[in-house]
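# Examining the three-dimensional arrangement
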Amino acid sequence: QKKIAQVLDTVFELWELRKKQLEKLDQLIKSVFYEMFGDPVQNEKGWDRGVIGDLAESINYGTSQKANTEPEGIPILRMNNITYEGSIDYSDLKYIVLSEADNKKYLVYKGDLLFNRTNSRELVGKTAVYKRDEPMAFAGYLIRLVPNEKANSEYISGYLNSSHGKKILYGMAKNIIGMANINAKEFSSIPIPIPPIYLQNKYADIVSKIEEQKSLVKQSIDETQRLFDSLMSKYF
């Protein structure tokens, strides 16, 4: 029994270590943002100021069409697929069949930004960049921003996922029947410093490299979980 407990404890400790590595990589992304762009409140680097609408080619709501669990049509991203930390979780997807006309309105492409407009007050405003090559649909509780030539979505996401950005979103959220909401007009009006696009692109490149490391760590976490489950099955 002691030997079994020791083995399981070792595997669990390894799993915990990998989780901490993932948290540190998330913290690193936030640290890089502050190092490159400074404190958004003080704006000590003197960037031009504007609003998110100034950085958008288009801002649109997603589809209200009901999704289903059968893998028919195209996967659809919903509010639970956007994490509070600023990434997209693809583990629980539903599907939807879109007409050709709706494909243009309700598909998100690589490099677009997704914003969760309705949720609890603590979670409203979850923001992430879509990074897959194949497009997916997005649901009505999400807003899609397509950046213009002044912006890289990674910069907007980094800003809204910063502690300053989270405070702005929490303060803006309006409670409606137990849920909080930030509509497209309000989203467009969020103030934001606007650094040069070359610097935003440099930040995006760094984030991409860190995301590659995060992907390896997540893979290791999954493998450790499978090992733990396998050992539990073997021992018990």
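Residues numbered from 1 in each chain as written. Predicted model: local features only at pLDDT ≥ 70, side-chain atom pairs only at ≥ 80, totals over all residues. Heavy atoms only, no water.

## Brief notes about the nonpolar core
We count it as follows: Only buried Ala, Val, Leu, Ile, Met, Phe, Trp, Tyr and Cys residues count toward a nonpolar core, and they belong to the same one when joined by side-chain atoms within 4.5 Å. Partly exposed residues are those whose accessible area sits between 20% and 50% of the maximum for their type, while under 20% is buried and over 50% is exposed, using a 1.4 Å probe and protein chains only. Put simply, DSSP marks the helices as runs of H or I at least four residues long and the strands as runs of E at least two long, and each gets a number from the N terminus on. In this description, contact between two residues means that some pair of their heavy atoms is separated by no more than 4.5 Å.
Within the largest apolar cluster, 38 residues are counted, with the highest numbers of intra-cluster contacts made by Phe37, Ile52, Ile156, Leu160, Phe187, Ile190 and Tyr203. The set of elements that each furnish at least two residues to this core consists of α1 (2-37), β6 (113-116), β10 (142-147), α3 (153-160), α4 (163-172), α5 (184-188), β13 (191-194) and α6 (197-235). The element contributing the most residues to this core is α1, with seven residues. Ignoring anything within four residues of it in the chain, the contact list for Ile52 reads Leu145, Ile156, Leu160, Phe187, Ser188, Ile190 and Ile192.

## Topic: the confidence of the model for the chain
The condition that has to hold: For every residue, the predictor reports its confidence as pLDDT, a number between 0 and 100.
When pLDDT is averaged across the chain, the result is 93; 100% of the residues are at 70 or more. When mean pLDDT is compared element by element in the chain, β6 scores highest at 98, while strand β11 (residues 174-176) scores lowest at 78.

## Structural notes on α1
Let me state the cut-off plainly: A helix's residues, less one, multiplied by 1.5 Å, set its expected span.
Helix length check: α1, at 36 residues, gives a terminal C-alpha distance of 53 Å against a target of 52 Å (1.5 Å per residue), a fit within 8%. When α1 is considered as a whole, its buried residues turn out to be Leu8, Val11, Leu22, Leu25, Asp26, Ile29, Val32, Phe33, Met36 and Phe37. In this structure, the buried residues of α1 make contact with α3 and α6. With its phi angle positive at about 80°, Gly38 sits one or two positions after the end of α1.

## Description of the packing of aromatic side chains
Where we set the bar: Each Phe, Tyr or Trp ring, with Trp reduced to its six-membered ring, pairs with another whose centre is within 6.5 Å; inter-plane angles below 30 degrees give stacked pairs, above 60 give edge-to-face pairs, and intermediate values give tilted ones. A positively charged side chain is recorded as over a ring if its NZ (Lys) or CZ (Arg) lies within 6 Å of the ring centre. The angle to the ring normal must also be within 35 degrees.
For the structure on display, the rule yields eight aromatic pairs. Aromatic pair Phe33 and Tyr155: ring centres 5.7 Å apart, planes at 20°, arrangement stacked. Here Tyr155 lies in helix α3 and Phe33 lies in helix α1, a separation of 122 residues in the sequence. Looking at Tyr155, the relative accessible area reads 1%, which means it is buried. Residues Phe33 and Tyr203 carry aromatic rings whose centres are separated by 5.7 Å and whose planes lie at 75° to one another, so their mutual orientation is edge-to-face. In this pair, Phe33 is assigned in helix α1 and Tyr203 in helix α6, connecting sequence segments 170 residues apart. Note on Tyr203: relative accessible area 2%, which makes it buried. Connected via pairs of aromatic rings, a cluster forms that spans Phe33, Tyr34, Phe37, Tyr155 and Tyr203. Above the plane of the ring of Tyr61 lies Arg117, whose end atom (NZ or CZ) is 4.3 Å from the centre. Across the ring face of Tyr170, the terminal group of Arg121 is positioned such that the distance to the ring centre comes to 4.4 Å.

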